[in-house]
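Residue-level structure breakdown
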Amino acid sequence: MDWIVAVSAGEAASGEFDPETDSRLRAAFQEHGCVLLRGVFSSATIDAMHREYAAQLGALDLAAMRAQAEKPPPNRLIGVGGARYDVTLRMNGVFGNPEVLANPLLIKFLRPLLGKDMRLNSLTVVVSHPGSSQQQAHRDHNHLFSEPGLGPSLPVYAVNVAIPLIDVDLETGPTGVWLGSHRFEHMTSVQASAMVAIPWQRGDCMLMDYRLLHAGLPNRGTQPRPVLYLVYGRRWFADDVNHINRIPLDMALERYAELPEPVRPMLIRAYTHAVRLRWPEADWSSLAAQRIEPRPAPPAARPLAPAVVQAAPPRATADSANWGKTGRNEPCPCGSGKKYKHCHGRNP
Amino acid sequence: MHHGRMTTAALQLEYPLSEWVIAPSAEERARGQFSPERLREAHAAFRQHGCLLLRGALPVSLIDDMRAEFDARYGVLGFSGMMEQSRRPPPNPVDPRGEARFEITMRMSGAFARPEGFANPLLRGILAPLLGGDMQLNSFSIVVSYPGAAMQQIHRDHGHLFASEPDIGPNLPVYAVNVGVPLIDVDLEIGPTGVWPTSHRWAPNVEADPAAVSVCPIKRGDCILIDYRTLHTGMPNRSAQVRPILYMVYARGWFSDEATHFGVNSPDMPLEEYDKIPEAARKPLLYRALSQAVRSPRGAPEREARAPRAGLNPADPASWGKVGRNDACPCGSGKKYKQCHGRSA
């Protein structure tokens, strides 16, 4: 059980693992593709998450979710087998809280794995209603390259962080995993090894290599089982296939603008999705007809422009002397959204 | 493996253009399929050099139609208008790329939505085996350089994957290919794209010798395929002509080029255009285009996950009360109200 590690009170308070725990965790994650951390979040934080979840989705019983999933796109609610639904949560309240999105313990563990420019790819909740059957063993995403032998040999490209919002006993059905399966080339190998499942408590979180084979266990209890999933990935990895017909991060631009600057780059996709939703407002094909000059005042009906500019992303600081070394292909720290080399890096 | 600099002489000796230029025969063009020998030759050349010039792969009539449409949409802006547009806040399809050069996310409609372009059979025949079964069109844009544009910095479209482990990236198979399609005949004066063959396999710290650039005129109907890791540059525009080049990026389904297409909705194909595309040219090629279009134009993603408003009957417009023009139509069609039941209102 070297893949289950309890966070000490000191570690939780300092937001940093003891060096010994840290190396044990890393070794376990490499080997198993999975670690279970106990006590990353306080039960007060988990309860706040549960309240916010209930405010957004609590009124939806199984029948209502089933009906909602059948609606045409865009649809934030997707059926994921049996009485299980995966829903993009609005990043309101605690779900927009940097201490949740960028939990210090988690981020310090994940950054060396996924790069300092890692991104939050999605924030969803999976609700399994009583009566859910066991899921098929599956990976969250296939190997990046199908060339024989290559995918399993590559370093991790994304990590799914599962955070149960209630205590999940074996009756209610946690997620079962096939340890080491991130290195399996084919899924058929599940027959050769046993699935492992242990009960979850509030405050736990389970980190899964995106290639790990896993399955949601049946819910034989009487309670719906909400589990929050945060997916962190390398900057060049995007998971579209699990988010058909919906955005995987739903944060209003105004909320994004309120985020502290250090966490903005990691959450930049929330900004991107929000900006893209505005895209069709303009009919670019009639640009020519508009003739740009004289510049019209922005109409009141589209007050977004200033907000967008304000919300402009990874603005480290306005003073370029403080930026340190910036890669030529990194976004310019001034927040223009351009590559550094096309912006302030043009005449270094 | 090349370390450090190469001289022009060495490059010409080692990389005569003929090695990475392939001209399909009239019969291959007509069939939309390469002969097995030529396909092997093309793949070998692309894997070795990280670039490939296909002569006459696309119909010139299509290129001319795209050019005419580009001019109609953006031509009248001129340099100063383009500059002005590029300074507007996002979402903005016009993005400056150095002095006198702009990248424009082209809405895929009209000639830009014709499958013989973005889903060209010869092109797909080469790309699909390289990029795998989930190959998608990742972006679709035009880079226009105005007279006086200087030579671009020598750059990769994207750095190596898994950058913290430098041995991995240069040895991986290709993950994205940028296909440059000039909309006018581009001679050396106007400034084609210059490439450094084999640089897709170079470590990040290996610098390109500017004098060792490989470059040749590109005509309408030609296209140049560039491994996303290959060092390249836009040559200076010393002519009096505006130079539009269409860039279509094809990539493995999971690849995201956040830096180049930041906050931009590319590929930008409206759903009504998507609906007209023949099945064979849709998935997975247009998966990203579809996914982005579905997420946005029918209104913000369904904000109310709760039960429908009390007393609202989707079948009875009289029960709907006031509906915002941009809200989802209460009938459940998924369209905006203004494009559905609100159209006649």
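Examining the pattern of salt bridges
Counting across every chain of the model gives 30 salt bridges over all chains. Between A:Arg76 and A:Asp250 there is a salt bridge; the shortest N-O distance is 3.1 Å. In this pair, A:Arg76 is assigned in the loop between helix H4 (62-69) and strand E3 (77-79) and A:Asp250 in the loop between strand E10 (225-233) and helix H8 (253-258), connecting sequence segments 174 residues apart. Taking relative accessible area as the criterion, A:Arg76 reaches 4% and is therefore assigned buried. According to the relative accessible area criterion, A:Asp250 is buried, its value standing at 4%. For A:Arg211, the salt bridge is made with A:Asp209, and the minimal N-O distance between the two is 2.9 Å. Both residues of the pair, A:Arg211 and A:Asp209, belong to the buried class. Where salt bridges share partners, they join A:Arg119, A:Arg235, A:Arg269 and B:Glu258 into one cluster.

As for the nonpolar core
Residues A:Leu37, A:Met49, A:Phe109, A:Leu110, A:Val161, A:Leu207 and A:Tyr232 are the most contacted members of the largest nonpolar core, which totals 62 residues. Sorting elements by how many residues they give to this core places helix H6 (residues 104-114) of chain A first, with 7 residues. Beyond its immediate stretch of four places on either side in the chain, A:Met49 contacts A:Phe41, A:Val94, A:Phe95, A:Val100, A:Leu165 and A:Leu228. With 61 residues, the next largest nonpolar core counts B:Met106, B:Tyr146, B:Met248 and B:Leu286 among its residues.

Topic: unusual backbone geometry
Cis geometry is adopted by the peptide bond preceding B:Pro91, which originates at B:Pro90 and carries an omega value of 0°. Cis rather than trans, the peptide bond between B:Ser266 and B:Pro267 has omega equal to -5°. One non-glycine residue with positive phi stands out, namely A:Asn245, at about 70°. Among the residues examined, A:Asn245 registers a relative accessible area of 26% and is labelled partly exposed.

Examining the sheet that holds strand E8 (residues 205-209) of chain A
All names here are of chain A. The strand order E1-E2-E8-E6-E10-E5-E4-E3 describes an open sheet built from 8 strands, whose pairing is mixed. Where the open sheet ends on each side, the last strands, each with one partner, are strand E1 (4-6) and E3. Here the strands of the sheet are splayed against their neighbours by 25° on average, with no regard to which way each runs. Where strand E6 (residues 158-164) lies against E10, 7 bridges are found, and the strand directions are antiparallel. Residue pairing in the sheet places Ala 158 in a bridge with Gly 233 of E10.

Some words on the confidence of the model for chain B
Residues and elements named next belong to chain B. In the predicted model, chain B carries a mean pLDDT of 86, and the fraction of residues at 70 or more is 85%. A low-confidence stretch, residues 1-14 stays under pLDDT 50, and its non-local contacts, those more than four residues away or across chains, total 25 contacts. Throughout residues 297-311 the model reports pLDDT below 50, and contacts reaching past four residues in sequence, or to other chains, amount to 35 contacts. Our summary of model confidence lists the complex with pTM equal to 0.83 and ipTM equal to 0.82.

Procedures and definitions
Residue positions are counted from 1 within each chain, in the order its sequence is given. Each chain gets a letter, beginning with A, and each ligand a number, beginning with 1, in the order they are written. In keeping with the model being predicted, local features are shown solely for residues with a pLDDT of at least 70 and side-chain atom pairs are shown and tallied solely at 80 or more, while totals for entire chains, interfaces and linings include all residues. Hydrogens and waters are ignored; side-chain quantities use all the structure's heavy atoms. In the sections that follow, a salt bridge refers to a side-chain nitrogen of Lys or Arg positioned within 4 Å of a carboxyl oxygen of Asp or Glu. Numbering of helices and strands runs from the N terminus; a helix is a DSSP stretch of H or I covering at least four residues, while a strand is a stretch of E covering at least two. Relative accessible area decides the class of each residue, using a 1.4 Å probe on protein chains only: under 20% of the type maximum gives buried, over 50% gives exposed, and in between gives partly exposed. By nonpolar core is meant a set of buried Ala, Val, Leu, Ile, Met, Phe, Trp, Tyr and Cys residues that side-chain atoms within 4.5 Å join together. The contact criterion used throughout is that any non-hydrogen atoms of two residues lie within 4.5 Å. A strand pair is defined by DSSP finding two or more bridges across the two strands. In this analysis an axis means a line fitted to C-alpha atoms, helices contributing only their contacting stretch, and an angle means the value between N-to-C directions, from 0 to 180 degrees. The quantity known as pLDDT measures the predictor's confidence residue by residue, on a range of 0 to 100.

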